[in-house]
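Here is how the chains run, residue by residue.
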Amino acid sequence: MNKIIFKIVLFTMAAVVALASCDTDPTLQSYIVDSVDKEGFISTSIPKTILGIDDSQLSEEAKKAYRSIHKVNLLMYPKTDDKTAAFEKETTQLSDILDNEDYHLLMTHNGQGMKAKFLYQGDKDAIDEIIVFGMAEGTGMGVARILGKDMNLSGMMKMMKELENLDINPTGIKSMLGGIGIDVGDAGEINKEAVKSI
C-alpha cells in the first residue's frame with residue numbers, strides 16, 4: 001500500500017514539474033516584453049493609420065482583411081561589431097521561440113541580403129496574429145507582430161497582393177522611423193550606418 005502511495009506522489013510531482021516547465025517556455029509576447037528595456041533593442045508600436053492606405057481602393061475581401069488589423073508591434077536589434085555574440089544569442093532565442101508548433105509557417109523569403117519568415121498564430125480563418133521575422137546582412141534582425149481580430153489568411157494574402165499595386169504615401173512611416181532614430185532617405189532606403197549607431 002505504501003509503495004502505491006509513494007508511486008502516486010512521485011507521478012504527481014513529475015506531472016507538476018512537467019507542467020511548470022511548459023508554462024515557463026518563453027512566448028513571442030514575453031520575449032518582446034522582456035526585450036523592450038534591454039540594451040541594443042529598438043521597440044515601437046505602429047497604428048495601421050500611419051501606413052496611409054486608402055482602403056476604398058481595395059476589393060471587399062481585401063478591405064475586410066485590412067480592417068481586421070489593429071496595429072503592428074515592432075522589435076529590432078541592430079547588428080554592431082561590438083555586439084556580435086549578443087546578436088547571435090538573441091537571434092537563436094527568437095528562432096527557437098518561433099519554431100514552436102503554435103506558429104504556422106506561411107512563407108519564407110531569401111534574397112537581396114535578407115532572410116524573412118512569415119508565420120501566423122491561430123486558425124487560418126480567425127488568425128490571432130501574423131509574425132514577420134527577418135534578418136538583413138550587416139544591418140540586424142527584427143520581428144513584427146501584426147495584431148488584429150479574426151484575420152483571415154486568404155483575405156490577408158489578397159490584401160497584400162492588391163497593396164503591391166497601390167500608391168502608398170510613406171510619410172507617416174518615415175516620420176515614425178525617424179522618431180526612433182532610423183534615417184530614411186528620400187528614395188525610402190534605410191541608412192544602415194544610422195541603424196548601427198543606435
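A brief look at the structure comes next. Since the model is a prediction, treat every value here as computed from it, not as a measurement.

### Describing helix α2 (residues 28-35)
What α2 keeps buried is the set Leu28, Tyr31, Ile32 and Ser35. The buried residues of α2 occupy one face: seen down the axis, they fall within an arc of 95 degrees. Structural note: α2 exposes Val33 and Asp34 on the side pointing more than 90 degrees away from its buried face.

### A short note on a nonpolar patch on the surface
On the surface, Met107, Met157 and Met160 cluster together to form a nonpolar patch covering roughly 240 Å² of accessible area. Structurally, the position occupied by Met157 is in helix α5 (residues 153-163).

### Here we look at α5
Along α5, the residues that are buried comprise Leu153, Gly155, Met156, Met159, Glu162 and Leu163. Those residues of α5 that are buried are in contact with α3 (60-67), β2 (69-78), β3 (103-111), β4 (114-123), β5 (126-136) and β6 (140-151).

### Brief notes about the pairing of β2
Across the 10 residues that make up β2, a large majority, 8, are buried. Bridging between strand β1 (residues 42-47) and β2 involves 6 bridges; their strand directions are antiparallel. Across the sheet, Ser43 pairs through a bridge with Leu75, a residue of β2. Two strands pair when backbone bridges link them, and β2 and β6 are joined in this way by 9 bridges, in the antiparallel orientation. Within β6, the position partnered with Pro78 by the bridge is Gly140.

### So, the packing of aromatic side chains
Within this structure, the stated rule accounts for 3 aromatic pairs. Consider the rings of Tyr31 and Phe41, whose centres lie 6.3 Å apart with planes at 80 degrees: the pair is edge-to-face. On the criterion of sequence distance, the pair formed by Tyr31 in helix α2 and Phe41 in the loop between α2 and β1 is long-range, its members being 10 residues apart. Their ring planes at 70 degrees and their centres at 4.6 Å tell us that Phe41 and Tyr77 sit as a pair that is edge-to-face. With Phe41 in the loop between α2 and β1 and Tyr77 in strand β2, the pair connects residues that are 36 residues apart, well separated along the chain.

### Remarks on unusual backbone geometry
Residues apart from glycine generally show negative phi values, whereas peptide bonds are mostly found in trans. The phi dihedral of Asp150 is positive, around 50 degrees, even though this residue is not glycine. Residue position: Asp150 is located in strand β6.

### Considerations on the pattern of salt bridges
Scanning all chains against the criterion turns up 7 salt bridges. One salt bridge in this structure joins Lys83 and Glu39, with 3.9 Å as the shortest N-O distance. Highlighted residues: Lys83 in the loop between β2 and α4 (84-98) and Glu39 in the loop between α2 and β1, separated in sequence by 44 residues. Assessed through its relative accessible area of 66%, Glu39 is described here as exposed. The shortest N-O distance in the salt bridge between Glu60 and Lys63 comes to 3.5 Å. With Glu60 and Lys63 both in helix α3 and 3 residues apart, the pair spans about one turn of that helix. Since its relative accessible area comes to 14%, Lys63 is described here as buried.

### Structural notes on the sheet that holds β6
Ordered by their spatial adjacency, 6 strands build an open sheet running β1-β2-β6-β5-β4-β3, and the pairing between neighbours is antiparallel. With partners counted over all chains shown, the strands left at the sheet margins are β1 and β3, one partner each. Shown here is a sheet whose adjacent strand axes are inclined to one another by a mean of 15 degrees, direction ignored.

### Some details on the packing of α3 against α5
It is the contact of α3 with α5, at a shortest axis distance of 8 Å, that shows an interaxial angle of 105 degrees. Comparing the axis directions of α3 and α5 gives the class roughly perpendicular. Residues Glu61, Ala62, Ala65 and Tyr66 of α3 pack against Ser154, Gly155, Met156, Lys158, Met159 and Glu162 of α5. Across the contact of α3 with α5, the residue classes tally to 5 nonpolar, 2 polar and 3 charged.

Rules used throughout
- Residues numbered from 1 in each chain as written.
- Predicted model: local features only at pLDDT ≥ 70, side-chain atom pairs only at ≥ 80, totals over all residues.
- Heavy atoms only, no water.
- Buried < 20%, exposed > 50% of the residue type's maximum accessible area, 1.4 Å probe, protein only.
- Helix = DSSP H or I, 4+ residues; strand = E, 2+ residues; numbered from the N terminus.
- Arc of directions from axis to C-beta.
- Patch = residues over 30% accessible without salt bridge, like charges linked within 9 Å, V, L, I, M, F, W, Y side chains within 5 Å.
- Areas by Shrake-Rupley, 256 points an atom, 1.4 Å probe, with all protein chains shown as cover.
- Salt bridge = Lys/Arg side-chain N within 4 Å of Asp/Glu carboxyl O.
- Contact = heavy atoms within 4.5 Å.
- Pairing = 2+ DSSP bridges.
- Phe/Tyr/Trp six-rings, centres within 6.5 Å; stacked < 30°, edge-to-face > 60°.
- Axes fitted to C-alpha atoms, helices over the stretch in contact; angles between N-to-C directions.
- Parallel < 35°, antiparallel > 145°, perpendicular 65-115°, else oblique.
- Nonpolar A, V, L, I, M, F, W, Y, C, P; charged D, E, K, R; others polar.

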